[in-house]
Amino acid sequence: MIKKFLDLGKQPIANRFLSSSEQFKDEYFFNLEVGFDEDTKLVSLLQQPNKEQMFNNEYPYRSSGSETMRKHFQMIAKDIKEHFDPKLVLEIGSNDGVFLKNFEKIGYRHKAISVEPCSNFAKETRKLGFQTYSEFWNDQTAENILASHGQPDVIYSSNCACHVSDVDDFLRCAKGIITDSGVIIIEDPSMEFVLQDNAYSQFYDEHAHIFSIMSLKNILEKNGLQIFKVETLPYIHGGSKRIFAQKKEKGTQLISLSVYDELARERRLGLDHFSTYEQFAERVEKNKNKIIELLTRYKNENKKIIAYGATSKSTTEFNYCNIESELIDYIVDTTSEKIGKFSPGKHIPIISYEKGWNDSIDVSYLSAWNYKCEIMRKEKEYLLRGGKFILPMGNVEVI
Ligand code: TYD
């Protein structure tokens, strides 16, 4: 049974940045509510917009948009080659190819192909020479791949499985195509980090689920798969976990201690109890009051406030806390697809970093809070001249 614990109100499509004020009036909104499944322990949105509304030929999020993510994908690609020496890697959700680029386009070893429904990005990876299926991941796509390339021995999917409302189907199709000793690697934002950091803005239209290891274990097992290793990625997407899985009956990998450790810690933290999520919802409400109070105080002191990073997470934050352009003048961002547009729902203008980041700024709402370390390093001068960053997650902090 699924029990609701969080209501984040009416929310727009988090990555649908609007080009002009004409688009404001018929913007799509849905109720962003979150529930806990008592049986599988999975945390999911109660309602998710159609997948075509979110993932289409205008998808603006670029995985290669930060140094952190570029390095991250290089490292996992290297690990995959060293540990599994795959002949064929299939990436599900390849975005702009930041992971694929570390593999071969053709050849006997380390060849990679991918699936990416956002055709603007599929075009880019095809141009780079990687065969990319511009389709959603399903039985038909798996069959097409099997017919042309045979069985992959590694499937890698980063920040994608949590986007799919029917995770059972996602896993069933993956199990159906992989070799018997093949490995499925999935990494997504983690429920443990969400609870630890009050990171409620990990909930937005695209994130149909936020996984705990225990929920993944339950779903994988239902589909004949088994987790054999877990890695913690504290700096990725606000805190992620990476799981390595294999066929339960045929897999050849030993089960690492990390699996037992993770499950034991999650039980200690109460991730299997509804009350843990109810308490989280109370903290979220407090966080909202605190952030509004802080921004209003700075505004009353005539400070110039901007936001740093036009993130999907900030769509949830701004719409839930009712933060508009009266409080935040504009958002700076480096992504060409977002510059010159307006944020979803609250319509705060997005301008380029070059134009918008200057000495007149007193306070910056760190909407790209998951890149705190990278941005603090980059913006030392701003901090030295007395500029402030508001960290909206956790207990709301000012740096
Ligand atoms: P991301 O954190 O990946 O957020 P989400 O998954 O919630 O959309 O997006 C980060 C955004 O911040 C992206 O649009 C790029 C931008 N950004 C900058 O403008 N400057 C920076 O230094 C960094 C690290 C990110």
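Going by the structure above, here's the rest.
Quick caveat, the model's predicted, so the values are computed rather than measured.

This paragraph deals with the overall build of the chain. Counting its secondary structure elements, the chain contains 13 helices and 17 strands. The C-alpha radius of gyration computed for the chain amounts to 21 Å, which stays within 12% of the reference 21 Å derived for 399 residues, consistent with globular compactness. Projecting the C-alpha coordinates of the chain onto the three principal axes gives extents of approximately 65 × 50 × 40 Å. Taking all 399 residues of the chain together, 56% fall into the buried category. In the chain, once contacts between residues fewer than 6 apart in sequence are set aside, the share between residues at least 24 apart is 68%. Averaging the coordinates of the 52 positive side-chain charges in the chain and doing the same for the 58 negative ones gives two points 3 Å apart.

On to the sheet that holds strand β15 (residues 363–365), then. Pairing is mixed across the open sheet formed by 6 strands, whose spatial order is β14-β13-β12-β15-β16-β17. Looking at the sheet topology across the chains shown, the edges are occupied by β14 (350–352) and β17 (397–398). Strands β12 (305–308), β15, β16 (388–391) and β17 of the sheet are contacted by helix α9 (residues 274–300), whose axis makes an angle of about 160° with β16.

Along helix α5 (residues 167–177), the positions that sit buried rather than exposed are V167, F170, L171, C173, A174 and I177. Across the axial projection of α5, the buried residues extend over an arc of 160°, all falling on one side.

Below, the discussion takes up empty space enclosed by the protein. All chains considered together, the criterion is met by 1 cavity of 30 Å³ or more. What the largest cavity holds in volume is close to 60 Å³. If you trace the largest cavity, you find 14 residues lining it, with D188, F211, I213, L216 and K241 closest to the centre. Contributing elements (two or more residues each) for the lining of the largest cavity: β8 (183–189), α6 (191–196), α7 (213–222) and β11 (240–247). Ranked by residue count, the leading element in the lining of the largest cavity is β8, at 4 residues. Grouping the amino acids of the lining of the largest cavity by side-chain chemistry returns 7 nonpolar, 2 polar and 5 charged.

Right, let's get into the environment of H209. Counting through the fold element by element, H209 comes out in strand β9 (residues 209–210). The sequence separation of H209 and R172 amounts to 37 residues, and the corresponding C-alpha distance is 17 Å. Dropping the residues within four chain positions of it, H209 is found in contact with L42, V43, S44, A161, C162, V164, S165 and V167. Looking at H209, its side chain comes within polar contact range of the main-chain oxygen of V164, at 2.9 Å.

On to the site of the ligand. Neighbouring the ligand are 20 residues, the closest being S312, D333, K338, N370 and K378. Within the side chain of S312, a nitrogen or oxygen atom sits 2.5 Å from an oxygen atom of the ligand. In the model, an oxygen atom of the ligand is placed 2.9 Å from a nitrogen or oxygen of the K313 side chain. Looking at the shell around the ligand, the elements with two or more residues in it are α10 (312–321) and α12 (372–378).

Here we come to the packing of aromatic side chains. On inspection of all chains with the given rule, the structure shows 21 aromatic pairs. Ring centres of F99 and F103 lie 5.0 Å apart, and the angle between their planes is 50°; this geometry places the pair in the tilted category. These aromatic residues form a ring-pair network of at least three members: F5, F36, F274, Y277 and F280. The ring of F274 carries the charged tip of K3 above its face, separated from the ring centre by 4.5 Å. We note K229 situated over the ring of F244; from NZ or CZ to the ring centre the distance is 4.5 Å.

Between α5 and α7, the least distance of the axes is 9 Å, while the angle of their chain directions is 55°. Taken together, the axes of α5 and α7 are oblique relative to one another. Taken as a pair, α5 and α7 cross one another with a handedness that is right-handed. Taken together, the residues of α7 that come into contact with α5 (itself represented by V167, D168 and L171) are I219, L220 and K222. Tallied by class, residues from the contact of α5 with α7 come to 4 nonpolar, no polar and 2 charged.

What counts and how
Residues numbered from 1 in each chain as written. Predicted model: local features only at pLDDT ≥ 70, side-chain atom pairs only at ≥ 80, totals over all residues. Heavy atoms only, no water. Helix = DSSP H or I, 4+ residues; strand = E, 2+ residues; numbered from the N terminus. Rg over C-alpha atoms; globule rule 2.2 N^0.38 Å. Buried < 20%, exposed > 50% of the residue type's maximum accessible area, 1.4 Å probe, protein only. Contact = heavy atoms within 4.5 Å. Lys, Arg positive; Asp, Glu negative; His and termini not counted. Charge placed at Lys NZ, Arg CZ, Asp CG, Glu CD. Pairing = 2+ DSSP bridges. Axes fitted to C-alpha atoms, helices over the stretch in contact; angles between N-to-C directions. Arc of directions from axis to C-beta. 1 Å grid on protein atoms, 1.4 Å probe; cavity = no way out; pocket = protein on both sides within 12 Å on 5 of 7 lines; lining within 4 Å. Points joined across faces, edges and corners; volume = space filled by probe spheres on them. Nonpolar A, V, L, I, M, F, W, Y, C, P; charged D, E, K, R; others polar. Polar contact = N/O pair within 3.5 Å; in protein donor to acceptor, adjacent residues only side chain to side chain. Near = heavy atom within 4 Å. Phe/Tyr/Trp six-rings, centres within 6.5 Å; stacked < 30°, edge-to-face > 60°. Lys NZ or Arg CZ within 6 Å of the ring centre and 35° of its normal. Parallel < 35°, antiparallel > 145°, perpendicular 65-115°, else oblique. Left-handed = near helix turned anticlockwise from the far one by under 90°.

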